[in-house]
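Here is what each chain is made of, one letter per residue.
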Amino acid sequence: MKVLILGGSEFVGRAFVEEALSLGWPVTVFNRGTHPPPPGVTALRGDRSAPGGLAALEHGEWDIVVDTWSWAPSAVRDTARLLAGRAGHYVYVSSRSVYAYPAPAGATEDAPVVESTPDRADADDYAATKRGGELAALGAFGDRALLARAGLVLGPYENIGRLPWWLLRVARGGPVLAPGPADAERPLVDARDLAAWSLAAAARGLAGPYDVVSPPGHATMRTLLEACVKVTGSDAELWWAGPEPILAAGVQPWTDLPIWLPPGELDDHIYSGDVSKAVAAGLRCRPAEQTVADTWAWLRRIGGEPPMRPDRPSVGLDPAVEAALLEGLRPHGGGRPVRP
């Protein structure tokens, strides 16, 4: 299988490159060249948002195209139209964010989605941006378009800062504010498993939307944070707190405390979808503990300073806010809180 990966130098795109190469498939990447190309690929250069930026893609044929684009859907439209006659299958890495809010617990791929258009020229609304990208892929490739609606994506090369922030915070040691409920389900997908499933599914000719995220019972907040403590080898102690004091302190779920959401409508929308369709189609997710361990190993290799996408907000809790919340958890007399 000849594969064209639009992007391919960071996080999810890099996982697709490594998976395709591991299968022995020839890989071409197309991007602006702001990062060195991964070893073993053919590199084409261009800027999808610039006039004439697709010139390098005007020739060539591929069995599978992978598109991880998260900006204006019009760029997906133009690229997909250009490649439709010379490529077999188009994998658009979308997001479960495309579902109209609030998606109820147990929602499937048939749930209502947000309104959008493939002609959208801005990326102000992430959900509408991803839905527009889906429509662009479908418009050009029809039943040869696979829409991989990813959930929470973690793993090596992460440039969003979620798991890297937790790992680096736990590595500093001492009491760590752990947001509860501790056993709240946190479905996720390792970028490498997302890539492996998507490429295999495209090679089999699967098309249409699939929610690509781990099934129930895969991971919880406790699973993830205890794995962080284990792999870093720090003296960190997890001090669990319920949502009420955390929210009362003005802490923003998802950004101040990455991955965490309090129970409620948004938590159901993000974390409670029915993923049985992808599982039935072969999705296999490695243990969350392995994702944590491999991400820590990668962080150490690069010196502990994770890359960050410039278009995404910074994440992480202000140390002063954390210290104040931890102080409030201390029992009278300054002892440690009881571990749940």
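For the structure, check the block above.
These remarks concern the structure in this document. Numbers given for residues are sequential positions, taken from 1 along each chain in its written order. A pLDDT threshold of at least 70 governs which residues receive local features in this predicted model, and a stricter bar of 80 or more applies before side-chain atom pairs are shown or counted, although totals over entire chains, interfaces and linings include all residues. Side-chain numbers here rest on the full set of heavy atoms in the structure, without hydrogens or water.

### With respect to the pattern of salt bridges
Piece 1. By definition here, a salt bridge exists when the distance from a side-chain nitrogen of Lys or Arg to a carboxyl oxygen of Asp or Glu is within 4 Å. According to the stated counting rule, one finds 18 salt bridges in the structure shown.
Piece 2. For Asp183, the salt bridge goes to Arg222, with nearest N and O atoms at 3.0 Å. With Asp183 in the loop between strand 8 (175-179) and strand 9 (189-190) and Arg222 in helix 6 (residues 221-232), the pair connects residues that are 39 residues apart, well separated along the chain.
Piece 3. Categorising residues by exposure relies on relative accessible area from a 1.4 Å probe, with only protein chains included: less than 20% of the type maximum marks a residue as buried, more than 50% marks it as exposed, and the intermediate range marks it as partly exposed. Of the residues examined, Asp183 reaches a relative accessible area of 52% and is grouped as exposed.
Piece 4. A salt bridge links Arg222 to Glu226; its shortest N-O distance comes to 4.0 Å. Residue Arg222 and its partner Glu226 are both found in helix 6; the two are separated by 4 residues, about one turn of the helix. Numbered from the N terminus, helices here are DSSP runs of H or I no shorter than four residues, and strands are runs of E no shorter than two.

### Things to note about helix 10 (residues 288-301)
Piece 1. Expected helix span is computed as 1.5 Å times (number of residues minus one). Counted at 1.5 Å a residue, the expected span for helix 10 with its 14 residues is 20 Å, and the 20 Å between its end C-alpha atoms agrees.
Piece 2. Ala288, Thr291, Val292, Thr295, Trp296, Trp298 and Leu299 are the residues of helix 10 that are buried. Take helix 10 and look down its axis: the buried residues cluster within an arc of 160 degrees, on one side only. Away from the buried face of helix 10 by more than 90 degrees, exposed residues Arg300 and Arg301 are located. The reported arc concerns the directions from the helix axis to the C-beta atoms and nothing else.

### Some words on the packing of aromatic side chains
Piece 1. What counts as a ring pair is set by centres within 6.5 Å for rings of Phe, Tyr and Trp (its six-membered ring), and what kind of pair is set by the plane angle: stacked under 30 degrees, edge-to-face over 60, tilted for all other angles. The tally for this structure, following the rule as stated, stands at 6 aromatic pairs.
Piece 2. The interplanar angle of 70 degrees and the centroid separation of 5.0 Å between the aromatic rings of Trp69 and Trp71 together place this pair among those described as edge-to-face.
Piece 3. Residue Trp69 is classed as buried on the basis of its relative accessible area of 15%.
Piece 4. Using a relative accessible area of 37% as the deciding quantity, one classes Trp71 as partly exposed.
Piece 5. The interplanar angle of 75 degrees and the centroid separation of 4.9 Å between the aromatic rings of Trp165 and Trp166 together place this pair among those described as edge-to-face.
Piece 6. Assessed through its relative accessible area of 15%, Trp165 is described here as buried.

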